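# Structural overview for review
Chain residues, written in single-letter form:
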Amino acid sequence: MADGNLGTFAPQEKRADLRAERLLLGAILLDGEGTRAVLPKVRPVVQARDFYDARHATLFEVFCALADRRERIDIVTTCAELRARHRLNAVTAQYVGELTDGQFTVALAEDHARIVATEGRARRTRDQMRANAEDIDRGASDFDARARDDLDQIFVGEQGRIFEHRRADHEIEILRQ
């Protein structure tokens, strides 16, 4: 970025932790207490837009809708809601069932929700920065060198927070073993 052209920095992979997404959804789906334990704890932390996999975002929306109607969240009610939304072909009943095969714990659901939320925020921040950089390069904005430095600092800060969450997730895995 030394050349001052923010629009030319190398593209990176989309930031996502699909394992954390699956573990979170599995914990919600198989929560023994239905909507009284996991979902109320993670709902303030994570939103559907935080999920990278569109199927996961759809499932989280379905879980929230079922909870709002005070219906039990299980494979049957989830598939029925997906069918009602004409989304069962996109997610598939088989995939919903596979979510229960993970090694999830209700105790770690909040940690997984934080990871999913952090990754989602990082993706949105990076995407916004890229859009701003394109505006700068086209001359569509009056950003100056200081604004460019601010954008760089935001980007580095988000990457640092993601690294910390990934490190914590790794430490959790070590403790499980």
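Going by the structure above, here's the rest.
What you see is a predicted model, and the numbers here were worked out from it, not measured in a lab.

### Let's talk about the pattern of salt bridges
As a working rule, side chains carrying opposite charge can pair if their charged atoms are close by. Scanning all chains against the criterion turns up 7 salt bridges. For Arg 55, the salt bridge is made with Asp 53, and the minimal N-O distance between the two is 2.8 Å. Under the relative-accessibility criterion, Asp 53 is labelled buried at 14%. One salt bridge connects Glu 81 with Arg 69, and the closest N-O pair in it is separated by 2.6 Å. In this pair, Glu 81 is assigned in helix α4 (residues 75-84) and Arg 69 in the loop between α3 (54-68) and α4, connecting sequence segments 12 residues apart.

### Focus on the nonpolar core
As a rule of thumb, nonpolar side chains are buried together in soluble globular proteins. If you look at the biggest cluster of nonpolar residues, it comprises 33 residues, and the most contacted ones within it are Leu 24, Ile 28, Leu 39, Val 42, Val 46, Leu 59 and Phe 60. Of all the secondary structure elements, the ones that give two or more residues to this core are α1 (18-29), α2 (38-42), α3, α4, α5 (88-91), α6 (93-98) and α7 (109-138). Here this core takes 8 residues from α3, the largest share from any one element. In this view, Leu 59 contacts Leu 25, Thr 78, Leu 82, Val 91, Tyr 95, Val 96 and Leu 99; residues no more than four positions away in its chain are not counted.

### A few points about the packing of aromatic side chains
Scanning all chains against the criterion turns up 1 aromatic pair. The interplanar angle of 35 degrees and the centroid separation of 5.3 Å between the aromatic rings of Phe 51 and Phe 60 together place this pair among those described as tilted. The pair formed by Phe 51 and Phe 60 is uniform in burial state, with each residue classed as buried. One cation-aromatic arrangement involves Arg 55 over Tyr 95; the distance from NZ or CZ to the ring centre is 3.9 Å.

### Quick notes on the packing of α3 against α4
At their nearest, the axes of α3 and α4 sit 10 Å apart, and the two run at 105 degrees to each other. When the axis of α3 is compared with that of α4, the two are roughly perpendicular. Contact residues: α3 offers Thr 58, Leu 59, Val 62, Phe 63, Ala 65 and Leu 66, while α4 offers Thr 77, Thr 78, Glu 81 and Leu 82. Grouping the amino acids of the contact of α3 with α4 by side-chain chemistry returns 6 nonpolar, 3 polar and 1 charged.

### Some points on α1
In a regular helix each residue adds 1.5 Å, so 12 residues correspond to 16 Å; α1 covers 16 Å between its end C-alpha atoms and thus fits that length. For α1, the tally of buried residues reaches 9 of 12 residues, placing the bulk of the element in the interior. If you check which residues of α1 are buried, you get Ala 20, Glu 21, Leu 23, Leu 24, Leu 25, Gly 26, Ala 27, Ile 28 and Leu 29. Contacts from the buried residues of α1 go to α2, α3, α4, α6 and α7.

Definitions and limits used
- Residues numbered from 1 in each chain as written.
- Predicted model: local features only at pLDDT ≥ 70, side-chain atom pairs only at ≥ 80, totals over all residues.
- Heavy atoms only, no water.
- Salt bridge = Lys/Arg side-chain N within 4 Å of Asp/Glu carboxyl O.
- Buried < 20%, exposed > 50% of the residue type's maximum accessible area, 1.4 Å probe, protein only.
- Helix = DSSP H or I, 4+ residues; strand = E, 2+ residues; numbered from the N terminus.
- Core = buried A, V, L, I, M, F, W, Y, C linked by side-chain atoms within 4.5 Å.
- Contact = heavy atoms within 4.5 Å.
- Phe/Tyr/Trp six-rings, centres within 6.5 Å; stacked < 30°, edge-to-face > 60°.
- Lys NZ or Arg CZ within 6 Å of the ring centre and 35° of its normal.
- Axes fitted to C-alpha atoms, helices over the stretch in contact; angles between N-to-C directions.
- Parallel < 35°, antiparallel > 145°, perpendicular 65-115°, else oblique.
- Nonpolar A, V, L, I, M, F, W, Y, C, P; charged D, E, K, R; others polar.
- Expected span 1.5 Å × (residues − 1).

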